[in-house]
Amino acid sequence: MQLSLPADSVPVKEMFEKFFAAESTVARVRASEPVGFDPDFWRELISLELPFMRLSAEAGGGGMSLFDACLMLEQAGRRLAPAPLAESVVALRILGEIGGETASEWIEKLRDGETVLTLALNQVEPGKAQLVPGAAVASGILTFDGQTLAIEVPSQALEAPHTLGGSGLATFTPGSGDRIVLASNADAGAVWAAGIEEWKLLTSAALVGLSQEALTMAAAYACERIAFGQPIGANQGIAHPLAVDAIDADGAQLLLWWTLRGVADQKADAGALIALSLWWASRTASNSVAHAIHTFGGYGLTNEYDIQLYHRRAKSWSQALGDPEAQLERAGRRLFLGETTSLPDPGAVEVDFETPNHKSPLADQAREILSGLLDPDRVNFGEQNFEAHDWAVHRAMGQAGLLFPDWPARWGGHDADADTTRAIHAVSTELGYAGLSRGVTSMAGVLVQKLGSPELQDEVLLRIAKGEATSCLGFTEPSGGSDVFAAKTRAVRDGDDWVINGQKMFTSGADISNYVLLLTRTDPDVPKHKGLTLFLVPLDLPGVEIHPVHTFMDELTNATFYADVRTPDRYRLGEVGGGVKAMSIALTMEQGGSYYFVQMREMIDAVTAWAREEQRDGSCVIEHPATLARLARVYGAACIAEGLTARAFWTRLAGEQDLAYGPAAKVFGTQTFIDLSADLLDLAAPGSLVRGNSGLGLVEKGYRHSTATSIYGGTSEVLRSMVAERRLGLPRSRA
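What counts, and where the lines are drawn
- Residues numbered from 1 in each chain as written.
- Predicted model: local features only at pLDDT ≥ 70, side-chain atom pairs only at ≥ 80, totals over all residues.
- Heavy atoms only, no water.
- 1 Å grid on protein atoms, 1.4 Å probe; cavity = no way out; pocket = protein on both sides within 12 Å on 5 of 7 lines; lining within 4 Å.
- Points joined across faces, edges and corners; volume = space filled by probe spheres on them.
- Nonpolar A, V, L, I, M, F, W, Y, C, P; charged D, E, K, R; others polar.
- Pairing = 2+ DSSP bridges.
- Helix = DSSP H or I, 4+ residues; strand = E, 2+ residues; numbered from the N terminus.
- Phe/Tyr/Trp six-rings, centres within 6.5 Å; stacked < 30°, edge-to-face > 60°.
- Buried < 20%, exposed > 50% of the residue type's maximum accessible area, 1.4 Å probe, protein only.
- Lys NZ or Arg CZ within 6 Å of the ring centre and 35° of its normal.
- Core = buried A, V, L, I, M, F, W, Y, C linked by side-chain atoms within 4.5 Å.
- Axes fitted to C-alpha atoms, helices over the stretch in contact; angles between N-to-C directions.
- Parallel < 35°, antiparallel > 145°, perpendicular 65-115°, else oblique.
- Left-handed = near helix turned anticlockwise from the far one by under 90°.
- Contact = heavy atoms within 4.5 Å.
- Expected span 1.5 Å × (residues − 1).
- Polar contact = N/O pair within 3.5 Å; in protein donor to acceptor, adjacent residues only side chain to side chain.
- Salt bridge = Lys/Arg side-chain N within 4 Å of Asp/Glu carboxyl O.

### Section: the layout of surface pockets
Moving on, step 1. Counted as a void, the second largest pocket has a volume near 710 Å³.
Moving on, step 2. Along the walls of the second largest pocket sit 31 residues, with Lys13, Gln212, Gln253, Tyr661 and Arg727 positioned nearest its centre.
Moving on, step 3. In terms of residue class, the lining of the second largest pocket is built from 14 nonpolar, seven polar and ten charged.

Here it is, written out as structure tokens:
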């Protein structure tokens, strides 16, 4: 896995960032209206040969990778570059692919700084007009009619209607000018199709940049504007929509990277991912600028404020090809009906989301252990609850040092690197063993390693690592909910012991655990964040009671009661009153993302299998456009959710700045799980209402499970506030 910007791409991004910030100024963008083209800026682009960057070196271009070209378009999108850059990049690349004397002449012609070449994004038909970006200023328009690639040279300047957001849009009618044939063979269609797919990727990148800059502007204004005595960004009604947009924009960028990797690896779903990237980037841009306008209030509606420039272009850029929603159906046809398309050659793509495929002896050992112990007739091994825990499996993995392979050898691990650790966990997922208690117990173990006394470390770490003991979490209280720092459970010092009294709610796994990470109040006379202390309390101490609580998800949780529980001081984690510091470590691990994308994919498979057999209105349900679009939507969301979770994981491993990436991944994963499981339940109704452990039963089960996921590990409201504060720099929006 490699999710940092590749070293070779860092200076590329910085160069484009500086160029577009300096040259594509707001004043220049405004001056280019209403057409949306600045000829001086175009000449600067040509002087730096930016439109030629994707042209092969053999054809006289820069031979830039598609990944770096997307970095270029992202910065162009941030600054609303007033020129048809994506269109010219693709048109020039097509010329280079086709080759020949005419193509070479046009490539050289474009270097004069006065010639503009754009492309009609839809196949042309004689006499049928279409709006073409950049055509208002184009010297030539690259076209494809289903057989022939040609350049049409307008006999006169094309009509440029006053449009929503410039982009040099003009009404182009094929056959109204001179037509220069470039190619008319089988290759022409493939080159054209690959070019349009490349345009989708470049435009997606531009929309990502536009979204991110609009959110930056809105966040800055939300910090400056005071209403009712505080910055408006402290209001969750402002902060939370912007936080969701920031998550979605990050998701759009990661989906773009995921797609580029898929194109490079020639993955079967690469063509579908391209369509999904454009759809998601378009959706994200529209939502981001809408919420940004709302943040600016009435001022955002005025021509004086720049946010309206972004609001208008978010739609005009994304709709140049047509309805962005149509990309969902296209993605569905490519995913589920076998529709194919030609793909561009992306060049080097160094980012990687995949679990390493290397032959890890430890991963192989984990596979052998799990394959030998998992009972194929037990249906709940893979469920995300503590009932899926199996002591035989847990102990066997622990004895082999595979529960926590990244732990130091002296504490029962293998000092394994990140890739090996992820590969071992991936084996568990592949074979269908959730092992939820492992993750929670790992949290306890890491806290003991970081904050526990040597005596406590010697007592518990090897027990935990060898699979002989597990832990649960005692954070939530009946009156506190997600505000864990409002804990009332008291711990009073009595010599070398602490006496604990109180109650915790939703202590899942307490019935099978040996320890509980217990947050207590040790000083009631100071502000709530300062009087807390964390303990690892043995659950077999006198005074501990565990009462079962059943949920409609068929999941068992617990209420735990502590009556004069005498706990030795050696079970304290961190300083007295240092509970917030200890909890920040714990919550960073608990809020490190979500794995609900695994269940979403299981539901996709179940509904797809059903839709291939079910007949409605005289055809299989899988052939209905709405079905294809809805399934593709879930597929794309699962990819984004996995990408966001991978980024949170990678950020921790790489030691990079963490801008609430874990909370962001969990917010996205849970909300899409909730929304899309409900949609799949609707799609496959009424058969999806029947409970079961296979087929459509997985949809019903996923729907029930999804309802609680926005509560686990901190409610989505709390996590959105964290994203707003740490990702966008907004003021604190909770007490």
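Still to come is the rest of the account.
### Details of the pairing of strand S10 (residues 490–494)
Moving on, step 1. Of the pairings in the sheet, the one linking S10 to strand S11 (residues 497–504) comprises five bridges and is antiparallel in character. Opposite Arg493, over in S11, you have Trp498 as the bridge partner.
Moving on, step 2. Hairpin remark: S10 followed by S11, antiparallel, with two residues in the connecting loop; positive phi at Gly495, about 65°.

### Observations concerning the packing of aromatic side chains
Aromatic ring pairs are defined here through the distance separating the ring centres and the angle between the ring planes.
Moving on, step 1. This model, assessed by the stated rule, comprises 16 aromatic pairs.
Moving on, step 2. Considering the side-chain rings of Phe19 and Phe20, the 5.0 Å spacing of their centres and the 80° angle between planes classify their relative orientation as edge-to-face. As far as the burial class goes, Phe19 and Phe20 line up, both buried.
Moving on, step 3. Relative to Phe668, the ring of Trp280 lies with its centre 5.8 Å away and its plane at 85°, an arrangement referred to as edge-to-face. One end of the pair, Trp280, is in helix H9 (residues 270–296); the other, Phe668, is in helix H20 (residues 661–683), and 388 residues separate them in sequence.
Moving on, step 4. Among the aromatic residues, those joined into a ring-pair cluster are Tyr221, Phe296, Tyr299 and Tyr305.
Moving on, step 5. A cation over an aromatic ring shows up here: Lys109 above the ring of Trp106, its NZ or CZ 4.5 Å from the ring centre.
Moving on, step 6. In this arrangement the basic side chain of Arg410 is found over the ring face of Trp411, its NZ or CZ atom lying 4.0 Å from the centre.

### Remarks on the nonpolar core
Moving on, step 1. Residues Phe20, Leu95 and Leu142 are the most contacted members of the largest nonpolar core, which totals 159 residues.
Moving on, step 2. The leading source of residues in this core is helix H7 (residues 186–224), at 19 residues.

### Section: the packing of H7 against helix H10 (residues 307–318)
Moving on, step 1. Across the interface, H7 lies against H10 with an axial gap of 10 Å and an inter-helix angle of 160°. By the angle between their axes, H7 is roughly antiparallel relative to H10. Between H7 and H10 the crossing geometry is left-handed. Facing Trp199, Thr203, Ala206, Leu207, Leu210, Glu213, Ala214 and Met217 of H7, the residues of H10 in contact are Ile307, Tyr310, Arg313, Ala314, Trp317 and Ser318.
Moving on, step 2. Its residues assigned to classes, the contact of H7 with H10 shows ten nonpolar, two polar and two charged.

### Quick word on helix H22 (residues 716–728)
Moving on, step 1. Its 13 residues place the ends of H22 17 Å apart at the C-alpha level, agreeing with the 18 Å of an ideal helix rising 1.5 Å per residue.
Moving on, step 2. Structurally, H22 contributes buried residues whose contacts are with H7, helix H8 (236–264) and H20.
Moving on, step 3. Gly729 sits one or two residues past H22 and shows a positive phi near 75°.

### A short note on H8
Spacing of three or four residues puts side chains on the same side of an α-helix, whose turn is 3.6 residues.
Moving on, step 1. Here H8 is 29 residues long and its end C-alpha atoms lie 41 Å apart, about the 42 Å a rise of 1.5 Å per residue gives.
Moving on, step 2. Within H8, 24 of the 29 residues are buried, leaving the element largely enclosed by the surrounding structure.
Moving on, step 3. Measuring from the side-chain oxygen of the N-cap residue of H8 to the backbone nitrogen of Gly237 gives 2.7 Å; that N-cap residue is Asn235.
Moving on, step 4. Of the residues one or two after H8, Gln266 is the one with positive phi, at around 55°.

### Examining the sheet that holds strand S6 (residues 178–183)
Moving on, step 1. The strand order across the open sheet formed by four strands is S1-S3-S4-S6, and the pairing between neighbours is mixed. In this open sheet, the two edge strands, each paired with only one partner strand, are strand S1 (117–119) and S6. Each strand of the sheet is rotated relative to its neighbour by a mean of 30°, with strand direction disregarded.
Moving on, step 2. In this fold helix H6 (residues 101–109) packs onto S1, strand S3 (140–144), strand S4 (149–153) and S6, with an angle of close to 115° to the strand it touches most, S6.
Moving on, step 3. Against the sheet, H7 engages S1, S3, S4 and S6, with an angle of about 115° to S3.

### What to know about the pattern of salt bridges
Moving on, step 1. Considering all chains together, one arrives at 41 salt bridges under this definition.
Moving on, step 2. As a salt-bridge pair, Arg93 and Glu198 come within 3.3 Å of each other at their nearest N and O atoms. Taken together, the residues span a long stretch of sequence, with Arg93 in helix H5 (residues 85–98) and Glu198 in helix H7 at a distance of 105 residues.
Moving on, step 3. A salt bridge links Arg633 to Glu325; the nearest nitrogen and oxygen atoms lie 3.8 Å apart. One end of the pair, Arg633, is in helix H19 (residues 625–654); the other, Glu325, is in the loop between H10 and helix H11 (326–336), and 308 residues separate them in sequence.
Moving on, step 4. We classify Arg633 as partly exposed; its relative accessible area is 25%.

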